[in-house]
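# Survey of secondary and tertiary structure
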Amino acid sequence: MTVKNIVLAGTPSLRQASQPVDAQWFGTHDAKTLIHDLFDTMKARLGVGLAAPQIGVNLRVFIYGFEKAHERYPDQKPVPLTIMINPKIVAASAEKEYLYEGCLSVPDVRGLVPRHDWVEVQAQHENGQYFQKRYEGFEARIIQHEFAHIEGKLFCDYMDDMRTLGITSALRESGIIK
Ligand code: NI
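In this report, we go over the structure that sits alongside the text. (Residues numbered from 1 in each chain as written. Predicted model: local features only at pLDDT ≥ 70, side-chain atom pairs only at ≥ 80, totals over all residues. Heavy atoms only, no water.)

## A look at the sheet that holds strand 3 (residues 79-92)
- Judged by pairing direction, the sheet is antiparallel, and its 5 strands sit side by side in the order 1-2-3-6-7 without closing on themselves. Each edge of the open sheet is held by one strand with a lone partner, namely strand 1 (49-51) and strand 7 (130-136). Between one strand axis and the next, the sheet turns by 40° as a mean value, whatever way the strands run.
- Looking at chain direction, strand 1 and strand 2 (residues 61-66) are connected through 3 bridges and run antiparallel. Bridge pairing links Ala-51 to Phe-62 in strand 2.
- Lying over the sheet, helix 2 (residues 137-150) contacts strand 1, strand 2, strand 3, strand 6 (118-124) and strand 7, oriented at roughly 155° with respect to strand 2. (Pairing = 2+ DSSP bridges. Helix = DSSP H or I, 4+ residues; strand = E, 2+ residues; numbered from the N terminus. Axes fitted to C-alpha atoms, helices over the stretch in contact; angles between N-to-C directions. Contact = heavy atoms within 4.5 Å.)

See the structure below:
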């Protein structure tokens, strides 16, 4: 069990695009360690997703998911635990949906972020096998958020009204988020 420190906004590496992993990487000790560290760290920090650059590894790998009602996002239904390696968003809805979003790298802050209603993703499993699937709702939002991390972007880059940016506790006290 290794809980890593979260790389915080302001650290230059978080703003760099991450590198794809190559075919030889799959199944290695490094690969297994990275994926374990991501899950251990996501769970310990109560995240719903975590990208490798957030624990200081600039590779195109992220994980997400939660099995029970989540205390940071109590309105959302569970999302299956998923690993995405070298993901590509191959299609996306024209329609966008707005929801308050946060990020472990931008602690205690939320803002209203428009995201595609659905995205279709091609990626690789932990064993290197390719898959392609369409995702919608909160899962599609998490995927877009984590995908942005491997491009060196943060949720605030996608906001179109910075006035909605707030401190989580104040947004809760104001009844704007749960
Ligand atoms: Ni994030």
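## As for the pattern of salt bridges
- Enumeration according to the criterion identifies 8 salt bridges in this entry.
- Between Asp-37 and Lys-4 there is a salt bridge; the shortest N-O distance is 3.9 Å. Here Asp-37, found in helix 1 (residues 29-44), pairs with Lys-4, found in the segment before helix 1; they are 33 residues apart in sequence, far enough to count as distant.
- The exposure class assigned to Asp-37 is buried, which follows from its relative accessible area of 8%.
- When the shortest N-O distance is used, the salt bridge between Glu-101 and Arg-115 registers 2.7 Å. Residue Glu-101 is located in strand 4 (residues 96-103), and its partner Arg-115 is located in strand 5 (residues 106-116); the two are separated by 14 residues in the primary sequence. The residues Glu-101 and Arg-115 share a single accessibility class, namely buried. (Salt bridge = Lys/Arg side-chain N within 4 Å of Asp/Glu carboxyl O. Buried < 20%, exposed > 50% of the residue type's maximum accessible area, 1.4 Å probe, protein only.)

## Observations regarding the coordination of the nickel ion
- Protein ligation of the nickel ion involves Cys-103 (SG), His-145 (NE2) and His-149 (NE2), the donor distances falling in the range 2.1 to 2.3 Å.
- Sequence spacing of the donors to the nickel ion: C-x41-H-x3-H. Here Cys-103, found in strand 4, pairs with His-149, found in helix 2; they are 46 residues apart in sequence, far enough to count as distant. Comparing Cys-103 with His-149 shows no difference in burial state: the two are buried. (Donors = N, O, S within 2.8 Å, 3.2 Å for Na, K, Ca; no water.)

## Overview of the environment of Gln-24
- On the secondary structure map, Gln-24 appears in the segment before helix 1.
- Of the residues examined, Gln-24 reaches a relative accessible area of 62% and is grouped as exposed.
- Here the alpha-carbon distance between Gln-24 and Glu-71, two residues 47 residues apart in the chain, equals 38 Å.

## Concerning the pairing of strand 4
- The pairing of strand 4 with strand 5 spans 7 bridges and is classified as antiparallel. Residue pairing for strand 5: Tyr-98 is matched across the bridge by Pro-114.
- Once strand 4 ends, the chain turns through 2 residues before running back antiparallel as strand 5.

## Notes on helix 2
- For helix 2, built from 14 residues, the straight-helix expectation of 20 Å at 1.5 Å per residue is met to within 8% by its first-to-last C-alpha distance of 21 Å.
- Counting buried residues in helix 2 gives 13 out of 14 residues, a clear majority hidden from the surface.
- Trailing helix 2 by a residue or two, Gly-152 shows a phi angle of about 80°, which is positive. (Expected span 1.5 Å × (residues − 1).)

Just geometry here; none of it tells us what the structure is for.
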